Amino acid sequence: MPRVLVTRPIPEAGLALLFPHVTVEMSPGPLQPGEIARRGEGCAGILCQLTDKIGADVLDLPGLRVVATMSVGTDHIDLAAARKRFVTVTNTPGCLTEATAELAFALILATARRLGEAERFLRAGRFKGWDPMLLQGQTIVGKRLGILGAGRIGQEVARMAKGFRMEVVYHSRLAEPEFEKECGARAVSKDELAATSDVVSIHTPLTAETKHLVDAAFLARMKPSAILVNTSRGPVVDEGALVDALRQNRIFAAGLDVFEGEPAVHPGLLELENAILLPHIASATVDTRNRMAVMAAENLLAVLGGRAAPNCVA
Ligand code: DGY
């Protein structure tokens, strides 16, 4: 049976699919840079995570045929190098759309209504009774939502926003006429989106073009009452510029599930009451993670079995 490296434990549902067909070598925990290439020697496939850097050192492994990442994002994999070496790369699109959109929406509501700050206030014993001036946030119903990157997840956030009667504008690489019809969404320039949205929610993949898409100039255009939510990839936002904007209350709040130097978090963010910070948990529901593991295993087995990979990105 072909050997497969699973770079860290994954839900049982995915492993159960692999066991009858391949010999699984599973690392008990995350692998350090360099270790994947060492542990992957002799493997025909690698099932990896978004935290695993897959570069030429790994892709050069003799006999490697497939890298199946248990993520929709592929910015951790050198796709050009994979193509050059005829190593197939697959991802897990679709199955985490709803979970990620739910978390983006949770962050929208939590930042708008200052939930992190309010809970810390109460737990610190500072709640002395109802107060008309206490912890006033922003109303979300009827406000304008700006979607940066109207792919599957961005569109799902917009669908959820319709329940809050939000007006939706978007800025994306491609026009999305179906989405416009379904959600009444309107395509706008990046500058218009920044200047007029009450909530900006980021859903672009990380590429050379989207790195620091939200920079100091973008933040300077945003309304003082506006909220920024990022559930895509940290480097899409210039974190230093965001800290400055939040510190000076130039925007109302930010809700972040991802960070530029993940798992490190900019120390300035940690001090701010108007930032809600989560440890990259957007897809972390039991059923979503099961589906992601199953999909990654199915992709990997398809390639090793000589079938067309269902979710092939390289
Ligand atoms: C992905 O799959 O790329 C997500 O970031 C995981 O939550």
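About the cut-offs
Residues numbered from 1 in each chain as written. Predicted model: local features only at pLDDT ≥ 70, side-chain atom pairs only at ≥ 80, totals over all residues. Heavy atoms only, no water. Phe/Tyr/Trp six-rings, centres within 6.5 Å; stacked < 30°, edge-to-face > 60°. Helix = DSSP H or I, 4+ residues; strand = E, 2+ residues; numbered from the N terminus. Buried < 20%, exposed > 50% of the residue type's maximum accessible area, 1.4 Å probe, protein only. Polar contact = N/O pair within 3.5 Å; in protein donor to acceptor, adjacent residues only side chain to side chain. Contact = heavy atoms within 4.5 Å. Near = heavy atom within 4 Å. Areas by Shrake-Rupley, 256 points an atom, 1.4 Å probe, with all protein chains shown as cover. Nonpolar A, V, L, I, M, F, W, Y, C, P; charged D, E, K, R; others polar. Pairing = 2+ DSSP bridges. Axes fitted to C-alpha atoms, helices over the stretch in contact; angles between N-to-C directions. Right-handed = clockwise from strand over helix to strand, strands pointing away. Domains from an automatic or database assignment. Buried area = accessible area lost by both parts, 1.4 Å probe. Salt bridge = Lys/Arg side-chain N within 4 Å of Asp/Glu carboxyl O.

### Details of the packing of aromatic side chains
In this description, a pair of aromatic rings is defined by centroid distance and the angle of the planes. In this structure the tally under the stated criterion is 2 aromatic pairs. Ring plane angle 35° and centroid distance 5.0 Å describe the contact between phenylalanine 105 and phenylalanine 164, whose orientation is recorded as tilted. Within this pair, whereas phenylalanine 105 is found in helix α5 (residues 97–112), its partner phenylalanine 164 is found in the loop between α7 (152–162) and β7 (167–171), the two being separated by 59 residues in sequence. In this structure phenylalanine 105 comes out as buried when scored by relative accessible area, which is 5%. Arranged with centres 5.3 Å apart and planes meeting at 70°, the rings of tyrosine 170 and phenylalanine 179 form a pair that is edge-to-face. Overall, the relative accessible area of 1% leaves tyrosine 170 in the buried class. Looking at phenylalanine 179, the relative accessible area reads 1%, which means it is buried.

### Notes on the side chain of histidine 203
Looking at where histidine 203 falls in the secondary structure, it is placed in the loop between β9 (199–202) and α10 (216–221). A distance of 2.7 Å separates a polar atom in the side chain of histidine 203 from a polar atom in the side chain of serine 201. Residues in contact with histidine 203, not counting those within four places in the same chain, are Ala104, Ile147, Leu148, Gly149, Ile153, Gly154, Val157, Thr231 and Ser232.

### Remarks on the site of the ligand
Near the ligand, the surroundings consist of Leu50, Ser71, Val72, Gly73, Leu96, Arg233, His280, Ser283 and Met292. The side chain of arginine 233 places a nitrogen or oxygen atom 2.6 Å from an oxygen atom of the ligand. Between an oxygen atom of the ligand and a side-chain N or O atom of histidine 280, the distance comes to 2.9 Å. In isolation the ligand offers 240 Å² of accessible surface; the protein chains occlude 93% of this area. Partitioned by chemical class, the residues of the shell around the ligand number 4 nonpolar, 4 polar and 1 charged.

### A closer look at the sheet that holds strand β3 (residues 45–48)
Pairing between sheet strands relies on hydrogen bonds along the backbone, with the strands arranged either parallel or antiparallel. Ordered by their spatial adjacency, 5 strands build an open sheet running β2-β1-β3-β4-β5, and the pairing between neighbours is parallel. Looking at which strands have only one partner, the edges of the open sheet turn out to be β2 (23–26) and β5 (88–90). For this sheet the average axis-to-axis angle between neighbouring strands, irrespective of direction, equals 15°. Bridge count between β3 and strand β4 (residues 66–69): 4 bridges; the pairing is parallel. Residue leucine 47 lies in a different strand from β4, and its bridge partner there is alanine 68. Lying on the sheet, helix α13 (residues 286–304) is in contact with β1 (3–6), β3, β4 and β5; it crosses β4 at an angle near 165°.

### Considerations on the pairing of β7
Along any regular strand, the residues point their side chains to alternate faces of the sheet. As paired strands, strand β6 (residues 144–148) and β7 are joined by 5 bridges and run parallel to one another. Opposite leucine 145, over in β7, you have valine 168 as the bridge partner. The handedness of the β6 to β7 crossover, carried by α7, is right-handed. Two strands pair when backbone bridges link them, and β7 and strand β8 (residues 186–187) are joined in this way by 2 bridges, in the parallel orientation. Paired with tyrosine 170 across the bridge in β8 is alanine 187. The β-α-β motif built from β7, the intervening helix α8 (residues 177–183) and the parallel element β8 has right-handed crossover chirality.

### A closer look at the environment of threonine 7
Relative to the assigned elements, threonine 7 resides in the loop between β1 and α1 (12–18). A residue is classified by how much of its surface remains accessible, and threonine 7, at 0% relative accessible area, is buried. In sequence terms threonine 7 and histidine 171 are 164 residues apart; their C-alpha atoms lie 36 Å from each other. When residues no more than four places from it in sequence are discounted, the contact partners of threonine 7 are Ser27, Gly29, Pro30, Leu31, Ile36, Ile46, Leu47, Cys48, Gln49 and Asp52. Of note is the side chain of threonine 7, whose polar atom sits 2.6 Å from the side chain of aspartate 52.

### A closer look at the domain arrangement of the protein
Domain boundaries assigned for the protein yield domain 1 (3–95 + 286–304) and domain 2 (97–277). Distance from the C-alpha centre of domain 1 to the C-alpha centre of domain 2: 31 Å. For the pair domain 1 and domain 2, the two sides together bury roughly 580 Å², of which 45% comes from carbon and sulfur. When the area that domain 1 buries against domain 2 is broken down by residue, the three leading residues are Leu50, Asp75 and Gly94, summing to 60%. Summed over the shared surface of domain 1 and domain 2, the result is 1 salt bridge. Arginine 233 is the partner of aspartate 75 in a salt bridge, and the nearest nitrogen-oxygen pair spans 3.0 Å. At the junction of domain 1 and domain 2, the tally comes to 2 residue pairs in polar contact (both at pLDDT 80 or more). Its residues placed into classes, the side of domain 1 that touches domain 2 shows 3 nonpolar, 3 polar and 1 charged.

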